[in-house]
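This is what each chain is made of:
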Amino acid sequence: MDSVSLAKFVTLMIVLFAAAVNGQFVIKEGKCPNVTGQATLERAQFLGVWYEYERFPAIFEADLDCTTATYGVAGKAISVTNNGTLRVDLFGRKVILKNSTVNGLATVPNPDRPAEFIVAFGGAPPTKTPNYIIQETDYRNYSVIFSCTQLVEFNLQFAWILTRVRGLAPPNLARLESKLTAAGVDVTEFFVVDQKGCPGK
């Protein structure tokens with residue numbers, strides 16, 4: 001690594017660690033957890049609206065609640081639309097300051113692993129390896145999503161537990177979290193997303 005690359009890397013790590021300290025990222029030492037996608041995926045059943053029940057802190061979702069992920073058909077790919085609202089409490093009421101929408105595209109690089117996607121948002125160049133893993137879904141009630149990026153001696157993690165009903169915990173939440181734990185994920189990083197009083201409810 002030359003001096004310019006090293007300087008860029010050090011700057012990146014400082015920014016990431018500052019964000020982690022502020023609760024906007026989950027950064028862990030060592031290799032990414034060994035989370036794999038489920039063996040099969042019925043795309044038609046997976047499509048539609050999902051509500052975030054729990055998630056890891058993520059700077060691109062900082063302070064957003066009422067967050068949803070909507071999946072649709074985009075040729076051989078899947079369109080991804082993430083929505084959320086930035087709200088504040090004002091005299092006992094939630095007031096929306098901003099609505100947030102981000103669009104992306106999900107593709108499967110390896111047909112033998114149909115639940116492991118490469119997702120790129122906002123026209124960003126796609127990664128070379130899957131960055132959006134559906135560890136488990138029953139299509140009707142819950143989906144467990146994990147993402148990890150390796151950063152030399154550290155890794156950057158994101159995770160979501162999605163449901164079809166806004167604000168309703170999956171009945172098997174403890175088992176789903178245990179499965180992530182068994183793969184090396186620290187589920188204490190999860191927090192419950194505020195889905196109360198959301199627009200369009």
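Cut-offs applied
Just so you know, the residues in each chain are numbered from 1, in the order the chain's sequence is written. For this predicted model, a pLDDT threshold of at least 70 governs which residues receive local features, and a threshold of 80 or more governs which side-chain atom pairs are given and counted, while totals over whole chains, interfaces and linings are taken from all residues. To get the side-chain values, all heavy atoms of the structure are used, and hydrogens and water are removed first. In plain words, nonpolar cores are sets of buried Ala, Val, Leu, Ile, Met, Phe, Trp, Tyr and Cys residues tied together by side-chain atoms within 4.5 Å. Here the term buried applies to any residue with accessible area under 20% of the maximum for its type, exposed to any over 50%, and partly exposed to those in between, with areas from a 1.4 Å probe on protein chains only. Here a helix means four or more residues in a row that DSSP labels H or I, a strand means two or more in a row labelled E, and each is numbered from the N terminus. Two residues form a contact once any of their heavy atoms are found within 4.5 Å. A pair of strands is labelled paired if DSSP reports no fewer than 2 bridges between them.

Enquirer: Would you mind going over the nonpolar core with me for this structure?
Expert: It is characteristic of soluble globular proteins that their nonpolar side chains tend to be buried jointly. Grouped together as the largest cluster of nonpolar side chains are 23 residues, with contacts concentrated most on Leu41, Phe46, Tyr71, Phe117, Tyr132, Ile134 and Leu162. Breaking this core down by element, the ones donating at least two residues are strand S3 (64-74), strand S4 (77-90), strand S6 (116-121), strand S7 (132-137), strand S8 (142-151) and strand S9 (154-163). Considering each element in turn, this core owes the most residues, 4 residues, to S9. Ignoring anything within four residues of it in the chain, the contact list for Leu162 reads Trp50, Tyr51, Glu52, Tyr53, Tyr71, Tyr132, Asn141, Tyr142, Ser143 and Ile145. If you look at the next biggest cluster of nonpolar residues, it comprises 18 residues, including Phe56, Tyr142, Phe146 and Ala183.

Enquirer: Would you mind showing me how to read the pairing of strand S5 (residues 93-107) here?
Expert: Strand residues, when the strand is regular, have side chains that alternate between the two faces of the sheet. Pairing analysis gives 13 bridges linking S4 to S5, with the strands arranged antiparallel. Bridge pairing in S5 places Thr85 opposite Asn99. Pairing of S5 with S6 involves 4 bridges; the strand directions are antiparallel. Paired with Ala106 across the bridge in S6 is Val119.

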